[in-house]
Structure formats: C-alpha cells, structure tokens
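Structural description and commentary
Below, each chain spelled out in residue letters.
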Amino acid sequence: MAAPRASLCLVAPVWNRGTRGVRGLNRMVAPQGNQRKRRTLVQFLADHFYDVQALREYFLHKQALKVHQENRSVNSIKNRYGPYIAGAFSVLNQGGAVKFQGQEWIRPNGRGHFSLDFLKFQAVPVEAVDASGCTLNYSGLDNLLPLKELQSLWLQRCPHVDDWCLSHLHPLADSLQELSLAGCPRISERGLACLHHFQKLRKLDISDLPSVSNPGLTRILVEEMLPNCEVLGADWA
Amino acid sequence: MLRKALQLSSCRRLSARGLSTRRGGSTLDWGGKVSEIKKKIRSVLPGGTWDLPYDTSHLPPEHADVVIVGGGVIGLSVAYWLKRLETQRGAIRVLVVERDHTYRQASTGLSVGGIRQQFSCPENIRLSLFSASFLRNINDYLAVVDDPPLDLQFNPSGYLLLASEKGAAVMESNVKVQRQEGAKVCLLSPEQLRSKFPWINTEGVALASYGLENEGWFDPWCLLQGLRRKVQSMGVLFCQGEVTRFISSSAHMENASGEEVTLKRIREVHVKMDHSLEYQPVECAVVINAAGAWSGQIAELAGIGNGPPGTLQGTKLPVELRKRYVYLWHCPQGPGLETPLVADTSGAYFRREGLGNSYLGGCSPTEEEEPDPGNLEVDHDFFQEKVWPHLAQRVPAFETLKVRSAWAGYYDYNTFDQNGVVGPHPLVVNMYFATGFSGHGLQQAPAVGRAVAEIVLEGSFQTINLSPFLFSRFYFGEKFQEATII
C-alpha cells in the first residue's frame, strides 16, 4: 500500500508545485522537499528559455505589486473626509471591519461591498478595527496610524504583517488597549519585543505564531515586559 | 500426468522468470545504449567539450564592462543596482572579484549588524532611511523565482544613545536634523529613561535619544547571501581571485591655470587566481573599489597617492584596517526583551542577543590604544579593563556577567573624517570608490550601491546627493564629520 502512494506523490505534486512556485509567497513555512522532486516543468523551461524566465519574474513582480496596490495610501479621502473616514475606508476596502465610537460594527458583505453611510461619522473617532485576514502590510498601516482613539486592533492571520509593522505601530501606543496578532505567519519574537511601547495594553493575543521559536518562553518574557497586560498565548506558563 | 503437469508448471515458471529477467535486462540495456548513442552524437557534433591543451573555465572573462573589486555587501549592492538600473537586459557585463568566497575575514559577516538613523549628517540619515526601506521590502527587491524568501531576522528594537551634559546640546541638534529627514526619533529625559528602562543607571546622563522605527539589528549574512543569489540570477559574473595590478594609459593635460595634470585611465585589471601564480588580464571600462578595509591598497595599486605630497596626485585614500572586538556575554539578571542597542556616554555599547539573557557588545578603542590589525585575535583584557567597567556602571546588573565568547572584525576606517568615500577619483577617471564607511557600511550598503550605480550610469547622483562624500575632500581638507561616532 505504501509503494503506490509514494509513486502518486512523486507524480501528482509536480503540477501543484509548479503553480505554487509562481503564486505562493509564503513558502518559508513549507517543508523543504527533495531537490529532485521539486524540479518542475516550469522550472525546466525557465532554466532553458529566457522568455519563460522573464515571464515568471514578471509574475512574481506583479504579485508583489498587487499587495502594494491594495495598501496604497488614501490621501485624497483623508483630505476630503478626515483621518477617521480614510482609515475606516482603507480597512473596509480590504475586507476588514470597523467600529466607530458608539456605533455598530460596519462590515463589507460577502462580495466585498459596503455601504458608504459611515461617511457621516467624520467627527466620530474609530474605536476598533478588525483587519483579520487582510492583505495589510507596512505601508497599509500608515492609514491606520492617524486613528488616535483606536482601542482595539485585530490583526489575526494577516499574511503580510511582519516585525517591521509592529515597530510601525508605536503612534497608537497611547490609546491601544487590545491587540490580537494570533496566527500571523511572519511575526516573530523579535517584533514582539517592541510592544513595550504599549504600556496601556490590557489584552494581547500572541497565540499560534509559527515564526516564534520558543512560544512559551516568549510569552513569559512578554508578560514580564508588559506587567499590566493579559497575554494569551501558548499554555505552559 | 503428474510429471507432465509438473513439467508444464515449471516451464511456465521458467518462462515467466525468463520474461521478467528479459524485461529487466532490456531496460538496463536500453539505458546503456542511450548513453552510448549520446556519446557518439556528442563526439560527432561540433560545439562539444574541446580537449583544449589548457582549460580556462576557472578564469574570469577577458572583457567586462565593470569590474568590482571586493564582493562584500557593498560590492554586491553596487552590482545589484548596476544590473537593476541598466536600460536593457544584459546590457552591462559586471564582474565581481572577491578574494575569499568563504568571507572569513570580510567585515560584512563579522559585524554586529546594526542599523540606525541617529547620525548628524543629513546624507547619512538619508542613506540609512533608504537602506531601511530596502531591508523592509527585501523580498521584493531580492526576490528570485523558485528560491525561498529571505528571512532577514530584523530586530526592530531601536538604538538608545545616551549623552552627558556636555553632549546634550549636540544630541538635541542632531535629533532635530534626524526628524527633519523623516526619522522617528524621540528624546528622553533621565526621568523618562528610568521609567521606560528601569535597569539603566542614569547617573551622568543628561539626555537620551531613542529610535522608534527602522532601527535595530539584522543578520548581515542573510543580506549578503540574498544579494549574492539575486545578483547571480541577474547574470553578474563572480571570480575568486585577487587584483594585483592595473594597466592604465595616461594623458597629459593642462588645466585652466596652466598646471600640468596627468589623467589616468585603467585599461586592464590583472586578476591573480587563488593559490596559484596564474593571472588573467581583464579589459574593462570602469573599476569600482569596494574592497572595504583593503581598499587603500587597491587605490595604491592604481597609482593613487604616488605623487608629491600636497598635490592631488599625492593625496592618498585614507582608508585603513582597524580591528574591533565584539564580546558575547551571559547575564541572568540582565535587562529583558525590551532592551534596545544602548550606546553609553563612554562609547561602550551592547544589545540583546536572542532570548536567553545573552548580550553582545564592545567599545571602540581610543586612537592611542589601537590594536595591531595584523590578525583577528581577541584581546580579552580589553573587555576587563575598558568595556566592563563602563557597562557595569551603566547597567548595575552587568556586575555579574560572564563572557561566553568573543570575536574581532575589521572596520574600513577612514582616518580623515570617519565617513564613506563615494564617487570617481578626479585623476584616475574610471576608478569609482565605495568604501571607508568606518563601521556603518553594512547598514548603508543598499543606498550606497544605488548611488554608485547612478554615478556610473548617469554621471551624477540622482536620488541621494552624495557629493560631500567625493574623494576631492581629502585634497581640499574639508572634513565631513559626524558629531558622534559609534
């Protein structure tokens, strides 16, 4: 029974890997396969033809460009409606949710559409942002930084949030009380170290971070660093 | 009947076995035949491997447009930007000559890997800011198809510089410049410092500046390997060897005031191969001197500084080898996860290394105490006498530290003003410098590479104006100095 499965594995993933090689950026986590097994038709073609190679490089570049495009700054909205609306718009545009002070949560529907009713809350500060699973990156966070009254920020499972982003969040240190970073694949203990700016933090979720090398120790050290904060994470403290 | 049946079955068994072996045999034979046929075709077709009397495949090419001397992080960065800014794919042929591909003595791998924006010269701040954005988007810049993304191991913990009462005014004006350039730096009073970092003894500290963003430390080896990988995929040629000679032509000219000037142009670079006497002359258009701590010797080879003293011909490249020690110690009661890179008023510095209460640090020796740079041996007494007292005074917990290991690395120390040298030499017109950064070469390498590539390709600095870093300042005696040096 073992033999046919092995032979299946040899054949089947060749095509899967080929497409993933172009699309998947986060292969850092992927296990290192056999060198011979990982050679695919696309790779072979890229090695032998400059055109294929250039095309693959173009796709890779395009992919990075798309993330940049989604995180471009919303300066025109900011000038017209103020920082709160601009921040909320950028989050909603990416599929996240926002909560203005004293209002209900605003979420886009299944197709990513949302009503523009919130444009009337120009003077109402944003209280909470749920950007879970968004393609938010370092430059996209720029739109959130003017939200001076932001109390809760959820950044769960954001594939592009990394250690640089955590150091970028320091302007929110005076207001932020709740921060969730659970499941972000690129956050490591190095980025968590700069959360010491957030002395007002009451709740911090750092569970399920695959890049953190020692989750238990990291949690203890973060608890030491933020004595007033409840840290959720690996449960062996 | 029984015999017949037995015979039949055995026959069948035999025939079955025969079949299977024949099948196995046939595949084996087929493989052998294919390789035989391949061999025949290869011997018949032209363009196969020639049985040359002398194999030159290990030598560098005979022609290259740009020869970069030194394959450290600066040299590779120059190569990267040259290939990236070229107008047409494959337009420039770049050769990187590196003496040691293991980078055993190279300053890149032995550095502490810090990046900061807390400089006093606006040019240095701009270089550093660009480098930070390069490192932040390193997987966009240095992405190679089919290779895993780079993990730079960046620690965004910031730099904390401490100033005594004497240095407070300088620090304040520096921070003003840094903020104008867009760096996120804040000033802390001793009181704020104590509440933020309770483990610091603020005695003798009047002011502290603390970088909030884009400052910290990273893995230099990762940057080096990432650049190498990318540059190789872009078609840059590598060669392990040493530059021993420049063949140049010279033209005698007169300047406006009637003095005679000799302009030199390097035609050929002789690259001596590793562990042999064999060398290859490489014809080239541009030579980039990125040899780091050894760039003074390369400049001498090109005849820079050979003239009478006081003239432009006689102005040497003032870049020297300097040895700096880095110590790694363990201290169970030491400062915690929030520890930034702390630079004390005395010049001693330290940072956290990993999670296990280990720390890295050192101190720059004074001019009189410069150790002999002939080898990379570590002087452990230096830590006991010059570093530890300052550390223990600043962080009382370090009284009980235990040194685990130590290493030494080289600075490409610019004895004139401790700043980089970028751009062409005024007399040897096709030698460009990218050296002399005196300890902050690693963090500025991405930006310096772009500046050098711009001046080679466009003839002027485009994005960051580095004209204060030109060589001519050594002749005019205009120092371009940092107010504080780490």
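Residue indices begin from 1 for each chain and proceed along its sequence in written order. Each chain takes a letter, starting from A, and each ligand takes a number, starting from 1, following the order in which they are written. Note on the predicted model: pLDDT of at least 70 is required for a residue's local features to be given, and 80 or more for side-chain atom pairs to be given and counted; whole-chain, interface and lining totals, by contrast, use all residues. Excluded from the side-chain calculation are hydrogens and water; included are all heavy atoms of the structure.

Looking at an unreviewed UniProt entry, one finds chain B named FAD-dependent oxidoreductase domain-containing protein 1 and attributed to Trichechus manatus latirostris. UniProt positions are given in the numbering used here, feature names are shortened, and annotations may be inferred rather than shown by experiment. Its UniProt record gives chain B a comment under Function (unreviewed entry), which states: "Required for the assembly of the mitochondrial membrane respiratory chain NADH dehydrogenase (Complex I). Involved in mid-late stages of complex I assembly."

Looking at an unreviewed UniProt entry, one finds chain A named Distal membrane-arm assembly complex protein 2, with Trichechus manatus latirostris as its source organism. The annotation that UniProt attaches to chain A under Subunit (unreviewed entry) is "Interacts with incompletely assembled mitochondrial NADH:ubiquinone oxidoreductase complex (complex I)."

Another point: the overall build of chain A. Secondary structure elements are taken from DSSP: a helix is a run of H or I of four residues or more, a strand is a run of E of two residues or more, and numbering for both begins at the N terminus. Per the secondary structure count, chain A includes eleven helices and seven strands. Between two residues, a contact is recorded if the distance between any of their heavy atoms is within 4.5 Å. The long-range fraction of contacts in chain A, counting pairs at least 24 apart against all pairs at least 6 apart in sequence, stands at 65%. Total accessible area computed for chain A in this model is approximately 12,700 Å², and 54% of it derives from carbon and sulfur atoms. The protein chains shown are the only cover counted for residues, whose accessible areas, like all others here, come from Shrake-Rupley with a 1.4 Å probe.

A separate point is the pattern of salt bridges. Pairs can form between side chains of opposite charge whenever their charged atoms are close. Residues and elements named next belong to chain A. We count a salt bridge whenever a side-chain nitrogen from Lys or Arg sits within 4 Å of a carboxyl oxygen from Asp or Glu. The tally for this structure, following the rule as stated, stands at 20 salt bridges over all chains. Among the salt bridges present, the one from Lys99 reaches Glu127, with a minimum N-O distance of 2.9 Å. Of the two residues, Lys99 sits in strand 1 (residues 97–100) while Glu127 sits in strand 3 (residues 126–130), which places them 28 residues apart along the sequence. Of the two residues, Lys99 and Glu127, neither departs from the other in class, the shared state being buried. The buried label goes to any residue with under 20% of its type's maximum accessible area, the exposed label to any with over 50%, and the partly exposed label to all in between, with areas taken from a 1.4 Å probe on protein chains only.

A few words now on the interface of chain A and chain B. Residue-level contacts link 31 residues of chain A with 31 residues of chain B. Joining chain A to chain B, the criterion identifies three salt bridges. For the salt bridge of A:Arg56 with B:Asp146, the shortest nitrogen-to-oxygen distance reads 2.9 Å. For the purposes of these results, a polar contact is taken to be a pair of N or O atoms within 3.5 Å, where, inside protein, one atom must be able to donate a hydrogen and its partner to accept one; residues adjacent in sequence count only when each atom of the pair is a side-chain atom. Linking chain A with chain B are ten residue pairs in polar contact (both at pLDDT 80 or more), by the criterion used here. The set of elements that each furnish at least two residues to the side of chain A that touches chain B consists of helix 5 (50–70), helix 9 (163–168), helix 10 (189–192) and helix 11 (215–225) of chain A. If you tally residues by element for the side of chain A that touches chain B, the top one is helix 5 of chain A, at six residues. Of the residues assigned to the side of chain A that touches chain B, the class counts are twelve nonpolar, eleven polar and eight charged. Ten residues, namely Ala, Val, Leu, Ile, Met, Phe, Trp, Tyr, Cys and Pro, are considered nonpolar, four, namely Asp, Glu, Lys and Arg, are considered charged, and the remaining ones, Gly among them, are considered polar.

Here the focus is the side chain of B:Asp344. All names here are of chain B. Along the chain, the position of Asp344 falls in the loop between strand 12 (341–343) and strand 13 (348–353). In this structure Asp344 comes out as buried when scored by relative accessible area, which is 9%. Asp344 has contacts with Leu162, His390 and Arg394, leaving out every residue within four places of it along the chain.

Attention now goes to the domain arrangement of chain B. Residues and elements named next belong to chain B. One can read the domain layout of chain B as domain 1 (57–153 + 216–318 + 415–485), domain 2 (159–211) and domain 3 (323–411). Domain extents, as shown, originate in an automatic or database domain assignment. Look at where the C-alpha atoms of domain 2 and domain 3 centre, and you get two points 21 Å apart. Contacts between domain 2 and domain 3 engage 15 residues on the former and 15 residues on the latter. When two parts are put together, the accessible area they lose, computed with a 1.4 Å probe and summed over both, is reported as buried area. Between domain 2 and domain 3, the buried area comes to about 1,200 Å², and carbon and sulfur atoms account for 63% of it. Of all residues in domain 2, Leu162, Trp199 and Asn201 bury the most surface against domain 3, accounting for 51% of the area lost on that side. On inspection of domain 2 and its partner domain 3, the count reaches zero salt bridges. The tally of links from domain 2 across to domain 3 stands at seven residue pairs in polar contact (both at pLDDT 80 or more). At five residues, the largest contribution of residues to the side of domain 2 that touches domain 3 is made by strand 4 (residues 159–163). Residue composition of the side of domain 2 that touches domain 3, grouped by class: ten nonpolar, four polar and one charged.

Moving on, we get to the packing of aromatic side chains. All names here are of chain B. Between 30 and 60 degrees the pair is tilted, below 30 it is stacked and above 60 it is edge-to-face, where a pair is any two Phe, Tyr or Trp rings, Trp via its six-membered ring, whose centres lie within 6.5 Å. Summed over the entire model, instances satisfying the criterion amount to 32 aromatic pairs over all chains. Pairing Trp294 with Tyr410 gives two aromatic rings, centres 5.5 Å apart and planes at 85 degrees, and the pair type is edge-to-face. Residue Trp294 is located in the loop between strand 10 (279–289) and helix 9 (295–301), and its partner Tyr410 is located in strand 15 (residues 402–414); the two are separated by 116 residues in the primary sequence. Residue classification places Tyr410 among the buried positions, given a relative accessible area of 5%. Taking 5.6 Å as the distance between ring centres and 55 degrees as the angle between the ring planes, the aromatic pair formed by Tyr325 and Phe382 counts as tilted. With Tyr325 in strand 11 (residues 319–330) and Phe382 in helix 10 (residues 380–394), this pair connects stretches of sequence that are 57 residues apart. A residue is classified by how much of its surface remains accessible, and Tyr325, at 6% relative accessible area, is buried. A relative accessible area of 9% places Phe382 in the buried class. Clustering of aromatic rings is evident, with ring pairs tying together Phe197, Trp199, Tyr210, Tyr325, Tyr327, Trp329, Phe350, Tyr359, Phe382, Phe383, Trp388 and Phe398. A cation over an aromatic ring shows up here: Arg324 above the ring of Tyr411, its NZ or CZ 5.0 Å from the ring centre. Charge-over-ring contacts are defined here by two conditions on Lys NZ or Arg CZ: a distance within 6 Å of the ring centre and an angle within 35 degrees of the ring normal. Arg450 extends its terminal NZ or CZ atom over the ring of Phe130, reaching a point 3.7 Å from the ring centre.

By definition, no residue in a patch forms a salt bridge, and every one has over 30% relative accessible area; like charges are joined within 9 Å, nonpolar side chains (Val, Leu, Ile, Met, Phe, Trp, Tyr) within 5 Å. Among the surface-exposed residues, A:Leu55, A:Tyr58 and A:Phe59 lie close enough to one another that they form a single nonpolar patch of about 310 Å² accessible area. The topology assignment puts A:Phe59 in helix 5.

Residues and elements named next belong to chain B. Strand pairing follows a simple DSSP-based rule, namely that at least 2 bridges must link the two strands. Pairing geometry for strand 16 (residues 421–424) and strand 17 (residues 431–435), over four bridges, is antiparallel. Paired with Gly423 across the strands is Phe433, a residue of strand 17. Where strand 16 folds back onto strand 17 in an antiparallel hairpin, the turn is made up of six residues.

This paragraph deals with the sheet that holds strand 6 (residues 203–205) of chain A. Residues and elements named next belong to chain A. The sheet built from seven strands is open, its strands ordered 2-1-3-4-5-6-7 with mixed pairing. Of all strands in the sheet, those with a lone pairing partner are strand 2 (105–106) and strand 7 (230–232), marking the two edges. Where strand 5 (residues 178–180) meets strand 6, three bridges bridge the pair, whose relative direction is parallel. Following the sheet pairing, Ser180 is matched in strand 6 by Asp205. Between the N-to-C directions of two axes lies an angle of 0 to 180 degrees, each axis being a line fitted to C-alpha atoms and, for a helix, fitted only over the stretch in contact. Sheet strands touched by helix 7 (residues 83–93): strand 1, strand 2 and strand 3. Its angle to strand 1, the strand with the most contacts, is close to 155 degrees.

All names here are of chain A. Counting through the fold element by element, Val212 comes out in the loop between strand 6 and helix 11. Distance from Val212 to Arg186, taken between C-alpha atoms, is 8.8 Å for residues 26 residues apart in sequence. Those residues in contact with Val212, other than ones at most four positions away along the chain, are Ile187, Ser188, Glu189, Leu192 and Thr218.

Residues and elements named next belong to chain B. Taking strand neighbours across the sheet as the criterion, the eight strands line up as 5-6-4-12-13-14-11-15 in an open arrangement whose pairing is mixed. With partners counted over all chains shown, the strands left at the sheet margins are strand 5 (185–188) and strand 15, one partner each. Direction aside, the axes of adjacent strands within the sheet are offset by 20 degrees on average. Where helix 10 meets the sheet, its contacts fall on strand 4, strand 11, strand 13, strand 14 (358–363) and strand 15, and the angle it forms with strand 11 comes to roughly 60 degrees.

All names here are of chain B. At their nearest, the axes of helix 2 (residues 73–85) and helix 11 (residues 441–457) sit 7 Å apart, and the two run at 40 degrees to each other. In terms of orientation, helix 2 and helix 11 fall into the oblique class. Read as a crossing pair, helix 2 and helix 11 show a hand that is right-handed. From helix 2, Val73, Ile74, Ser77, Val78, Trp81, Leu82 and Leu85 reach across to helix 11, where they touch Gly441, Leu442, Ala445, Pro446, Val448, Gly449, Arg450, Val452, Ala453, Glu454, Val456 and Leu457. Working rule for angles: under 35 degrees goes down as roughly parallel, over 145 as roughly antiparallel, 65 to 115 as roughly perpendicular, anything else as oblique. Crossings are classed by handedness, with left-handed meaning an anticlockwise turn of the near helix from the far one by less than a right angle and right-handed meaning a clockwise turn.

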